[in-house]
Amino acid sequence: MRVIDTHCDALYKLQAGKGKYTFQDAEELDVNFERLIEAKMLLQGFAIFLDECVPVEHKWKKAVEQVNIFKQHVLHKGGVIHQVKKWSDLENFPEEKIGAVLTLEGIEPIGRDLDKLTQLLDAGVLSVGLTWNNANLAADGIMEERGAGLTHFGKEIIHHLNERKIFTDVSHLSVKAFWDALEEADFVIASHSSAKAICSHPRNLDDDQIKAMIEHDAMIHVIFHPLFTTNSGVANMEDVVRHIEHISELGGVKNIGFGSDFDGIPDHIKGLENAGKYQDFLQVLEKHFTKEEVAGFASQNFLNHLPK
């Protein structure tokens, strides 16, 4: 059973490592080439993400550097890893290939310049999260105390994404910005969020948000961060299943996918420490759901929700 994972931070970790390890098999990477093979990965999302301490004047250069790392280190694997630059690439995707797609986590690199956003979309970015946890020129993030919604610029960005049939990712938005984005965006996704009813962390979606996502027929990709999985911050695979069960009970069984956040999390779910453990996780899910439902979580649900 092939897998789609909409969010990892391997590019950030490779950039921070400054050549200390390779994408081929580095143990330091939760997502590397060998682990993607073990996972039977159909598509892996690779986020462009910048640490908040990067000076404003260096953000664009750092983002472009991550795009180059993606091209030079992730894609150069004997042709096995193929960049998905438009969603239709996934139609009849070859069994022997692994898809890799660029995403953007926070619009800080573009400043106020929509031309820079266009350059990233032209490079293959197919999903854009407006913020990380803090406020920026587009919106407030979920950890910003003010809790404001979208700015005029944020709405302008979403309209640009709509024209290009690019996902607007709501995973890190403030609650108000989430509701604003649902009004503005034609193509919505939560690339790495779980259920607040199961774990009360602010990064998770509450039941009203989950129901709204389902009503918009948008995908919710559960995250594999223990901090967002249990209130104790210690979790196993059964704890992740509880989030999937809860979203399913709200009517979202066909709207669930995976967004691990591998390489962006300091701790791991027991038994689900890296991408190579995905097939073990699918076996656990098959104890709770039908094979067809698990195939949906793994990849088919996402494929059914691609922008057209």
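Residues numbered from 1 in each chain as written. Predicted model: local features only at pLDDT ≥ 70, side-chain atom pairs only at ≥ 80, totals over all residues. Heavy atoms only, no water.

Draft legend 1. Representation of the packing of aromatic side chains within the structure. Per the counting criterion, the structure on display carries 16 aromatic pairs. Centroid distance tryptophan 87 to phenylalanine 167: 5.6 Å. Interplanar angle 65°. Geometry classified as edge-to-face. Taken as a pair, tryptophan 87 in the loop between β3 (81-83) and β4 (98-105) and phenylalanine 167 in strand β6 (residues 167-169) lie far apart in primary sequence, 80 residues in all. Here tryptophan 87 matches phenylalanine 167 in class, with each residue buried. When the ring of phenylalanine 167 is compared with that of phenylalanine 302, the centres are 6.0 Å apart and the planes differ by 40°; the resulting orientation is tilted. With phenylalanine 167 in strand β6 and phenylalanine 302 in helix α10 (residues 291-303), this residue pair connects regions lying 135 residues apart in the sequence. (Phe/Tyr/Trp six-rings, centres within 6.5 Å; stacked < 30°, edge-to-face > 60°. Helix = DSSP H or I, 4+ residues; strand = E, 2+ residues; numbered from the N terminus. Buried < 20%, exposed > 50% of the residue type's maximum accessible area, 1.4 Å probe, protein only.)

Draft legend 2. Structural context of a positive patch on the surface. A grouping of Lys18, Lys20, Lys61 and Lys62 is seen on the molecular surface, where their side chains present a positively charged patch. Position of lysine 20 among the secondary structure elements: in the loop between α1 (10-17) and α2 (33-39). (Patch = residues over 30% accessible without salt bridge, like charges linked within 9 Å, V, L, I, M, F, W, Y side chains within 5 Å. Areas by Shrake-Rupley, 256 points an atom, 1.4 Å probe, with all protein chains shown as cover. Salt bridge = Lys/Arg side-chain N within 4 Å of Asp/Glu carboxyl O. Lys, Arg positive; Asp, Glu negative; His and termini not counted. Charge placed at Lys NZ, Arg CZ, Asp CG, Glu CD.)

Draft legend 3. Region of interest: unusual backbone geometry. A positive phi angle, near 55°, is found at lysine 165, a position not held by glycine. Turning to its location among the elements, lysine 165 is positioned in the loop between α5 (152-164) and β6. Given a relative accessible area of 39%, lysine 165 falls into the partly exposed group. At aspartate 261, a residue that is not glycine, the phi angle is positive and equals roughly 70°. Within the element layout of this structure, aspartate 261 appears in the loop between β9 (256-258) and α9 (278-285). Overall, the relative accessible area of 7% leaves aspartate 261 in the buried class.

Draft legend 4. Region of interest: the layout of surface pockets. One number sums up the size of the largest pocket: a volume of about 290 Å³. The wall of the largest pocket is formed by 20 residues, among which Trp132, Asn133, His172, Asp261 and Gly264 lie closest to the centre. Its residues placed into classes, the lining of the largest pocket shows seven nonpolar, six polar and seven charged. (1 Å grid on protein atoms, 1.4 Å probe; cavity = no way out; pocket = protein on both sides within 12 Å on 5 of 7 lines; lining within 4 Å. Points joined across faces, edges and corners; volume = space filled by probe spheres on them. Nonpolar A, V, L, I, M, F, W, Y, C, P; charged D, E, K, R; others polar.)

Draft legend 5. Expanded view of the pattern of salt bridges. Counted according to the given criterion, the structure contains eight salt bridges. Among the ionic pairs, aspartate 263 bridges to lysine 13, the shortest N-O distance being 2.9 Å. With a gap of 250 residues between them, aspartate 263 in the loop between β9 and α9 and lysine 13 in helix α1 connect regions that are remote in the sequence. Between aspartate 180 and lysine 176 there is a salt bridge; the shortest N-O distance is 3.4 Å. With aspartate 180 and lysine 176 both in helix α6 (residues 175-184) and four residues apart, the pair spans about one turn of that helix. With relative accessibility at 14%, the residue aspartate 180 sits in the buried group. Overall, the relative accessible area of 45% leaves lysine 176 in the partly exposed class.

In short, the description is geometric, and any link to function would need to be established separately.
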